Amino acid sequence: MLERWITALHTEDPALEEPAATRDRFKSRFPRNATRRMTQLGLLVGSALEPLKLTETDTLVYASAFAETRAIEGYLDSFPSASPTLFQTSIHPSAVQQALIVHQQPVREFFPLTGGAHLPAQAIEVALLASGAGSRRVILCGGEERGTWLLENNSASDRAFAFALALSTSPDGAIGRLTLDHASDADAACVRFLLADLFDVLHARRPFDGLIAPSRRLTLSWS
Amino acid sequence: MSVPSTSIHLSACGALTAFGDESTTLAALLDGRRALAPVPVLGADGGDPVPMALCAGRSFDETAPPGWLAPLRALTDRIPGEGWGSPRRPVFVTSSNFGVGSLHAFRRTGDAAHLAYGTPHRCVDWLAETLGWGPNVTTFSHACVSAHLGLEQASRVLAANLADEALVFSFDFLSPFVAGGFHALKILNADLPTPYQDRETGSIGLGDGAAFAVLTRDRGDMKFVAQSLHNEMHHFTANQADGSGFSACLAPLLPFTAGRRFWLKGHGTGTLEAGRLEAGVLARHFPGFPLVSWKGALGHTLGSCGLVELTIAATAIRHGRAPGTVGSSGPTFTPEVVLSPFEIGAFDSVLCTSNAFGGAHAALLLSHA
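Thresholds applied
Residues numbered from 1 in each chain as written. Chains lettered and ligands numbered in written order. Predicted model: local features only at pLDDT ≥ 70, side-chain atom pairs only at ≥ 80, totals over all residues. Helix = DSSP H or I, 4+ residues; strand = E, 2+ residues; numbered from the N terminus. Rg over C-alpha atoms; globule rule 2.2 N^0.38 Å. Buried ≥ 20, exposed ≤ 12 C-beta atoms within 10 Å, placed from the backbone. Contact = placed C-beta atoms within 7 Å. Pairing = 2+ DSSP bridges. Arc of directions from axis to C-beta. Nonpolar A, V, L, I, M, F, W, Y, C, P; charged D, E, K, R; others polar. pLDDT = per-residue confidence, 0-100. Axes fitted to C-alpha atoms, helices over the stretch in contact; angles between N-to-C directions. Parallel < 35°, antiparallel > 145°, perpendicular 65-115°, else oblique. Core = buried A, V, L, I, M, F, W, Y, C linked by C-beta atoms within 7 Å.

Re the overall build of chain A
Thinking step 1. When its secondary structure is counted, chain A shows nine helices and eight strands.
Thinking step 2. For 223 residues, the compact-globule estimate of 2.2 N^0.38 gives 17 Å, and chain A sits close to it at 17 Å.
Thinking step 3. Taking the principal axes of the C-alpha coordinates as reference, chain A spans close to 50 × 35 × 30 Å.
Thinking step 4. A total of 223 residues make up chain A; the buried ones form 53% of that total.
Thinking step 5. Considering only intrachain contacts with a sequence separation of at least 6, the fraction spanning at least 24 residues in chain A is 72%.

Looking at the environment of B:L229
Residues and elements named next belong to chain B.
Thinking step 1. Note on placement: L229 falls in strand β10 (residues 222–231).
Thinking step 2. Overall, L229 belongs to the buried group, with 26 C-beta atoms counted inside 10 Å.
Thinking step 3. With 125 residues separating them along the chain, L229 and S354 place their C-alpha atoms 9.7 Å apart.

Focus: unusual backbone geometry
Thinking step 1. Going from A:F79 to A:P80, the amide bond is cis rather than trans, its omega being 10 degrees.
Thinking step 2. For A:P80, the position within the fold is in the loop between α4 (69–77) and α5 (84–89).
Thinking step 3. A cis amide bond links B:G330 to the next residue, B:P331, at an omega of 0 degrees.
Thinking step 4. Within the fold, B:P331 resides in the loop between β13 (321–322) and β14 (342–343).
Thinking step 5. Look at A:A67: it is not a glycine, yet its phi comes out positive at around 55 degrees.
Thinking step 6. Look at A:A67 and you get buried, because 28 C-beta atoms sit within 10 Å.
Thinking step 7. Positive phi values are uncommon outside glycine, yet B:M233 reaches one of about 50 degrees.

Considering the pairing of strand β7 (residues 166–172) of chain B
All names here are of chain B.
Thinking step 1. The buried fraction of β7 is high, at seven of seven residues.
Thinking step 2. Covered by surrounding structure in β7 are A166, V168, S170 and D172 together with L167, F169 and F171, the residues of both alternating faces.
Thinking step 3. Examined bridge by bridge, strand β5 (residues 91–94) and β7 share four bridges and lie parallel to one another. Each bridged residue has a counterpart across the sheet, and for V93 the counterpart in β7 is F169.

Topic: helix α2 (residues 69–76) of chain B
Thinking step 1. Those residues of α2(B) not exposed but buried are B:P71, B:L72, B:L75 and B:T76. Taken down its axis, α2(B) places every buried residue within 145 degrees of arc, on the same side.

Re the interface of chain A and chain B
How big an interface is tends to be reported as the loss of accessible area on association of its parts.
Thinking step 1. Listed per partner, the contact involves 45 residues of chain A and 47 residues of chain B.
Thinking step 2. Mapped onto the side of chain A that touches chain B, the elements with two or more residues apiece are α4, α5, α6 (94–102), β3 (109–114) and α7 (119–132) of chain A.
Thinking step 3. Tallying contributions element by element places β3(A) first for the side of chain A that touches chain B, with six residues.
Thinking step 4. Looking at the side of chain A that touches chain B residue by residue, the class counts come to 25 nonpolar, 18 polar and two charged.
Thinking step 5. Two strands pair when backbone bridges link them, and β3(A) and strand β6 (residues 137–140) of chain B are joined in this way by two bridges, in the antiparallel orientation. Counted as the bridge partner of A:L113 is B:F140 from β6(B).

Notes on the confidence of the model for chain B
Thinking step 1. Confidence along chain B averages 96 in pLDDT terms, with 98% of residues attaining 70 or more.
Thinking step 2. Reported confidences for the modelled complex are a pTM of 0.97 and an ipTM of 0.97.

Structural notes on the packing of helix α1 (residues 22–30) of chain B against helix α11 (residues 305–319) of chain B
Residue and element names in this part refer to chain B.
Thinking step 1. Close contact between α1 and α11 brings their axes to 9 Å; oriented N to C, the two are set at 75 degrees. The angle between the axes of α1 and α11 places the two elements in the roughly perpendicular class. On the side of α1, the interface is formed by E22, S23, T25 and L26, while α11 contributes T311, I312, T315, A316 and H319.
Thinking step 2. Per-class residue counts for the contact of α1 with α11 are three nonpolar, five polar and one charged.

Thoughts on the nonpolar core
Thinking step 1. Judged by nonpolar contacts, the single largest core of 193 residues is most densely connected at A:V45, A:V61, A:A127, A:L140, B:V168, B:A213 and B:L366.
Thinking step 2. Discounting chain neighbours no more than four positions away, the residues touching B:A213 are B:L10, B:C13, B:L151, B:V168, B:L307 and B:T311.

Regarding the sheet that holds strand β4 (residues 49–53) of chain B
All names here are of chain B.
Thinking step 1. Taken in spatial order, the three strands line up as β3-β4-β8 in an open sheet, and their pairing is mixed. A single partner strand is all that each edge strand has here, and the edge strands are β3 (37–40) and β8 (206–207).
Thinking step 2. Relative to β4, β3 runs antiparallel, the two sharing four bridges. Its bridge partner being in β4, V39 is matched across the sheet by V50.

This is the structure:
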């Protein structure tokens, strides 16, 4: 069983807020003119990460199923004169890169994941094994932004959210504990636990115990 | 910190490029052939001709299901073993674009059939079902260093004894979505790329690519000596001019390269600034060690390039002869750049590097087991 202590947690829950409103709300949180170029997901993930004060030796794990939905929509709508800015912004881990480039904050290890039904289990496993590789601290973050025409076609998130939690091998100052047990019965039924479900559990700081992927049981407890 | 991977072996690997499998590709590169040819950047919608290397027999314009499945099956049929995607045999899929070309096709035609492949997880779920994989499939997407993340995580899962074997599978097939974007960035023009060549203007080409690698703790004729990652987060499309970000990626590998005689398979897309920086940093750290890039022949296979080129390098090691930097001529950025095929029997390992959007860097050292 892999075990880590949660030493910090920050969440953003704008729900159905439009990107322009998010941009306006966060304009004092980022350097001048930065918010104009950032996506809603970049702002939300950046806001969740900012209090954690990343360092170069942190390992950063990022999970998003749909990632830069609005940039993808805008990029596709820009054809046949494809937008270079929207193209580079549409790349999967752009949200995190926007947030860290603004602060010129390097990070040695950055693992951006995507996925569907088992994305939370996979991201948590990557984070817990990174801790085992000698990183001083692991940051697990994730989020989505709400789509427009891609959402109408069932190809985007129906809500925006973001989270970032710091994981440590030490219980000092911990606010919670996270475990991932690989010994569970591979044939046992899993609960539906998408990235939004992980966010909801974290946002409410609810305890959790469930099989979230085949042979992957997650427990979360809070101090 | 990145991890030494001395206990992780490469037990099997295979690749698909526009030339064919890894053996056909190696032979073509040794002959100095280029798969790149001018193709209208927007496919059926026309546009400027740009250099692309497409797998034979597939349409550049997306179909539903994607036409790249047929050539991909020729590769996946060669993956050894069964039960991939089960609890002890995880799969790590890496790509930059997945089936995003299908979203472009949907927006262009309105045909909802394309949506079944448009998002990363729908594309991977479809592939997993088609290939008979179980649900233990983890997916990374980090532009052109994506494949390195799969290799790193597979190594960690094996080192933690959470798996008996691990399959890393990388793919990226071109579409108007991708080609249109690179063309908009003004680095894709009518000129064929000449990696590491000091000329007036740079250019890149794009290519289809896919590859697999089976990693184990104890079987295989090659092993991963060490792997390293670094993300400088300086600018989306530029590295720090002094090369410090790429140097930071190489630094953890230096103790493992000491005393070794190796050659370098660089990233080498054909852009001037990045190529000059990359060749300069590698020459500074490893003076006299031969450096090659194959993207002047294969095009940049994007999220799959790390594994495609690793597989070709492994095939070259078994063959005893490595291709030079196909398509380039002098003057080169550094004297270490090798333009012609060369004998590698006297070398004990190869250092493979990749670089990506956002100042992401990856490197690994592969040696005989």
